Every structure is written in structure tokens, then in C-alpha cells.
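This is what each chain is made of:
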Amino acid sequence: MVTRLSPRDAMYYFLDDSRSTTHLGALLIVDPAVGRTTSGESEPSGTDASTTGRGAPRESMLDYPGLVSLVENRLQLIPRYRQVVREVTLGLARPVWVDDPDFDINFHIRRSGLPRPGGTVDLDDLVARVMSRPLDRTRPLWEMYLIEGLADGRLAILTKSHRCLIDDAGSREISEVICDGTDRADLLPEELWMPGSPPGGTHLVVGALAEALARPGDLVETVLHGNGIVSEMRSAVGTTVRRVGDVVSQLTDSAPRSPLNNAGTTTRSFTTAALPRRDCAKVAEHHGCTITDVELAIISGVMRKWMLSFDPAEVPADTVRVVVPLSTRDPGVERAAEPEPGWIGVGKPSFVTDLPVGESNPAVRLAQVAGLADRYAQSSRRMNTGPSPLFPELGVVPFPEISSRAFRSLNSRAYNVPVAMSTAPVPDRFVLGAPVCRAFAIPTLVSQRALAISIIEYRDHLHFAFVADRGVIADLPAMADHVFESYEELTQPYREPTGVVDE
């Protein structure tokens, strides 16, 4: 019995083309020198053990062999990471998950290093190069890098996973699976994994035809009970009509024209910024809004500054349209409570709102951001369930390249920039006892989008990550500078004299 990709996962799999990929990931900055002391006590979060005087830090277990062993131990929690995708001839059915008979963990976990002095620019360039490369479709669709040579002896862990590996039923990305809530790594019982026998191409075709031929057998039940194939076809037609209606609605209320929706290349650029949460919270309290509103106001300032510099001779649009998680306005919309917040969130309800980039006054801009978000979060026309296959009820995937291009064309005008935001602060995380000092989510950058942004709240900081199409946005590092400038504009009246604290 084979396991097929869900309609949504199959859609993401076929969305990859020569100019876009649908992988995502995370960048974790860890400090092996900070951890449990020789006296057996753990240092407080954010404390450097070398300065506490309570004992020397223990030797870190985090190295390449240790990371490989940890991942091997945790892969039983995410079985898709040892499977490959097999397509069915002529698209007679959706692709299937098959165990990789030649699974080699050392192919997927790689070691890299930065040139001295190991600055942020070098790290960002390395991340951009990795995220620009497509994943090898003949192997499980993920990679991990242990990056050495960062300043102050720190290490970085970079993960890259295809979007189809992380379905909407609560699957976690591998960067979340290797982390623990304490500085003690809780290893799982050893599991002897043996790959199953891969089905042949003929077997897949016969299975697809058998599934198709089995469905008419429901006809009698349909006539008697009204819940068989006719009912399903009626449901399919109804769903498709509603979806076409949604598309028409989007086309009549489309996002402003912007270079942010230009088709570009697969070459990526990457940059990050981290801001203290405390001063942002003071701004939110003073204006009677939420931290999320402050984050969106900062992004509004970033986009305003970037648009003014992109083409000084052209008057920028009044708004930039973004899609954000609905849970940022109403946490109750989550379908199931997560055990603990993570930095990778996919498949969640979202809504489309406008950022008033034409407004020059930062305080007024914040008020407008909060008002628009409150209004559009209640509007059914602004709801966005994310990319969806046009015919999810059908098992057949005919001409996937053509249908994928049609989807990209229809979806290109719904919004300008996707913004992934965490609903709640992520608690402290450790990898083999080494604390994660910073965590950045690397969002998916799909076709017809030149920029994607993520924000997670971790260790009393707001961590911004930007992924862009280098062919459209050549000056992405300037956006990190704009983050600090927009932060300064908003928080200056409420900020403590120390300003932005960089770890």
C-alpha cells in the first residue's frame, strides 16, 4: 500500500521549476561555550558561563559527528525525511512517498565554514547560495549544514526542506526536531530502520488504474444514499466554482503593481536583523495595539525606505499588500493547540492586509497598520488559506507543468509580500546542550514573488529574516539597515538609552 502526496503537497512539489523552488528552512546560531558548568548547574538564558565565575563551561558535544548522530536518532519522528517522491506515469495519480533504498545521511548533513572573521555578511552569503540551489529530486528533499568559523566561536545550523515534506497536519521541520527544551539532549530509543521495497513503475500505474476503476463501484451507494461519486463530483464542482469565485474576487481587488511581483531568477539573497522586544512592547502599550502591529509598522517603514531608494524618480505606491497569519489577530483560529510554539508554521489560515508605505509619519503609520489589520482580519474577502490546488478532489495530475503555470498566474496578484509571523514567543532551545542564541525562519519564496519575510519572537528579541530574488532586489542587505532605522523612528520616545542590543 503506497502513501500518496496530499493534493496540497503535490501542488508544492510541481510548483518547482527552473526559476523558483518551494523549500524553506531555518538558521540557528548556537554557542557551544555556553551551557552547563562543571558544577552541574545550568546557566540562565542569555548568560555567558565564562563570566559567571561558577565554573568552567563543559566541553560541547556539538560537532559534525555529534550532529549526525542526533539527526539519525530523531529521524524516526519525521519519516518523510528518509523517503523520496516517485511520480506516476502520465500523471495517472498523485506522486507517492517511497523509502529511499540508498539513504545516506552524510549526503544530507554537510559541513561548511566561513572565511575569517566570520561576519554576518559572509554567513548571509552562504545561506543565500545554499537556498538558491534546487534540491536533488532523486533523494529525500532536505539538507542540513553545520557552519563553523563564526565570530566568537559560535556555530550555525542551516536547514533546507522542501515544502511538501511539511504537511498541514502538524509535521515539524527538521530544525525543530533536533532541538530540546533543556540543555540535556533526550535521545530516543534506538530504532533499526530498514527501507521498504520500492514499487516499480508498472506497479504504480496498475495501482493508479485500480484506484480509478474502483471508484465507479460506489455508484449504487450513491444512488441509494447520495454520498458516493455523484456527491463527490457535485462537491468537486461546488468547490471549484467557489475557488474560481475567490480568484475573480482577488482579481477585482488585486494588490498594487509592484516590482515585488516581478518574475526573476532562482538566485537568492538573504539578510537578517534582531531587535529588542522590550522597547517594541512599550510602543504597543502606549498606542494601545499589539506587538504584531509594531512588527508590521516596522516592515511598513522598511518597505517605504526601500521603495524610495528603488527608483527615486518614481512616486511609490500608497500601500504594499501583505499576507499574514490570522492567528496574529485571533489565536483561537488555530485548528489544534501546538505543544510548544515553533519557528516554522505552514498551512495556517491567513488574511491579506495593506501596509501604508505612503505615510511618512511613523506614529500615524502604526495607527493605520493596526486599524487596517483589525478591519481586514474580520473580512471574508481578505481571508487567504494559502496556495491551493485548483482540483484537490481529483486524484489525476494531468500536465502538471501546465497546471502549475496556470496556478502561478492566477495567484500572482493576490498580494505583494508574504510575511510569516510567530503567534507566541518560542521558548529557549538547545542543540546537544548548546543554547540556540538566535533563530531565524527562512520562508518560502514562490514564483511571482521577489521578497518574503519572517518574524519570530525568541529570547526577548524579534528576529527578522528576508529572502529575496537577487535579480529583482539586488540591495537586500539595505533592508536590514532599514529595520533598525524604522525601529529607531518608532521607539525613540520610549527607548532606554542603551538602544539596540546586539548579542
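This text goes with the structure placed above it.
Numbers given for residues are sequential positions, taken from 1 along each chain in its written order. Selection of residues for local features in this predicted model requires a pLDDT of at least 70, selection of side-chain atom pairs for listing and counting requires 80 or more, and totals for whole chains, interfaces and linings are taken over all residues. As a convention, hydrogens and water are excluded, and side-chain values are obtained from all of the structure's heavy atoms.

1. Structural notes on the overall build of the protein chain
At step 1: The secondary structure content of the protein chain amounts to 13 helices and 16 strands.
At step 2: Whether a residue is buried, partly exposed or exposed follows from its accessible area with a 1.4 Å probe, protein chains only, as a fraction of its type maximum: under 20%, in between, or over 50%, in that order. For the protein chain, buried positions account for 50% of its 503 residues.
At step 3: In what follows, residue pairs with any heavy atoms lying within 4.5 Å of each other are defined as contacts. Put simply, of all contacts in the protein chain between residues at least 6 apart along the chain, 78% involve residues at least 24 apart.
At step 4: Counting only carbon and sulfur atoms, one obtains 55% of the accessible surface of the protein chain, whose full area is about 22900 Å². Think of it this way: any DSSP run of H or I at least four residues long counts as a helix, any run of E at least two long counts as a strand, and we number them from the N terminus. Residue-level accessible areas treat just the shown protein chains as cover; the underlying method is Shrake-Rupley with a 1.4 Å probe.

2. Points about the pattern of salt bridges
At step 1: One speaks of a salt bridge when a side-chain nitrogen belonging to Lys or Arg is within 4 Å of a carboxyl oxygen belonging to Asp or Glu. Under the definition given, this model contains 14 salt bridges.
At step 2: Taking the shortest distance from any N to any O, the salt bridge between glutamate 489 and lysine 305 comes out at 2.9 Å. Placement of the pair is glutamate 489 in helix α13 (residues 477–491) and lysine 305 in helix α10 (residues 291–310), with a sequence separation of 184 residues.
At step 3: In this structure glutamate 489 comes out as partly exposed when scored by relative accessible area, which is 33%.
At step 4: Note that aspartate 428 is salt-bridged to arginine 459, the shortest N-O span being 3.9 Å. In this pair, aspartate 428 is assigned in the loop between β12 (417–421) and β13 (430–431) and arginine 459 in the loop between β15 (451–458) and β16 (461–469), connecting sequence segments 31 residues apart.
At step 5: A network of salt bridges, in which partner residues are shared, links Asp16, Glu87 and Arg137.

3. Considering unusual backbone geometry
Generally, phi is negative for residues other than glycine and the peptide bonds are trans, each holding for most cases.
At step 1: For the bond running from arginine 116 to proline 117, omega is 5°, close enough to zero to count as cis.
At step 2: Note that proline 117 resides in the loop between β5 (109–113) and α4 (120–132).
At step 3: For aspartate 152, which is not glycine, the phi torsion reads 65° and is therefore positive.
At step 4: With respect to the element layout, aspartate 152 can be found in the loop between β6 (142–148) and β7 (155–162).
At step 5: Residue aspartate 152 is classed as exposed on the basis of its relative accessible area of 70%.
At step 6: Positioned with a positive phi, leucine 432 is a non-glycine residue whose angle comes to about 50°.
At step 7: With respect to the secondary-structure elements, leucine 432 resides in the loop between β13 and β14 (434–442).

4. So, the sheet that holds strand β1 (residues 3–4)
At step 1: The three strands lie next to each other as β1-β4-β3, forming an open sheet whose pairing is antiparallel. Two strands lie at the open edges of the sheet, namely β1 and β3 (83–86), each paired on one side alone.
At step 2: Here four bridges tie β3 to strand β4 (residues 96–99), and the two strands are oriented antiparallel to one another. Residue pairing across strands places arginine 86 opposite valine 96, the latter belonging to β4. One bridge is not enough; two strands pair if DSSP finds at least two bridges between them.

5. Some thoughts on α10
In an α-helix, one turn spans 3.6 residues; hence positions three or four apart end up facing the same way.
At step 1: Multiplying 1.5 Å by the residue count of a helix minus one yields the expected span of that helix. Between its terminal C-alpha atoms α10 stretches 28 Å, which fits the 28 Å expected from 20 residues at 1.5 Å a residue.
At step 2: With 16 of 20 residues buried, α10 is to be regarded as a mostly interior element.

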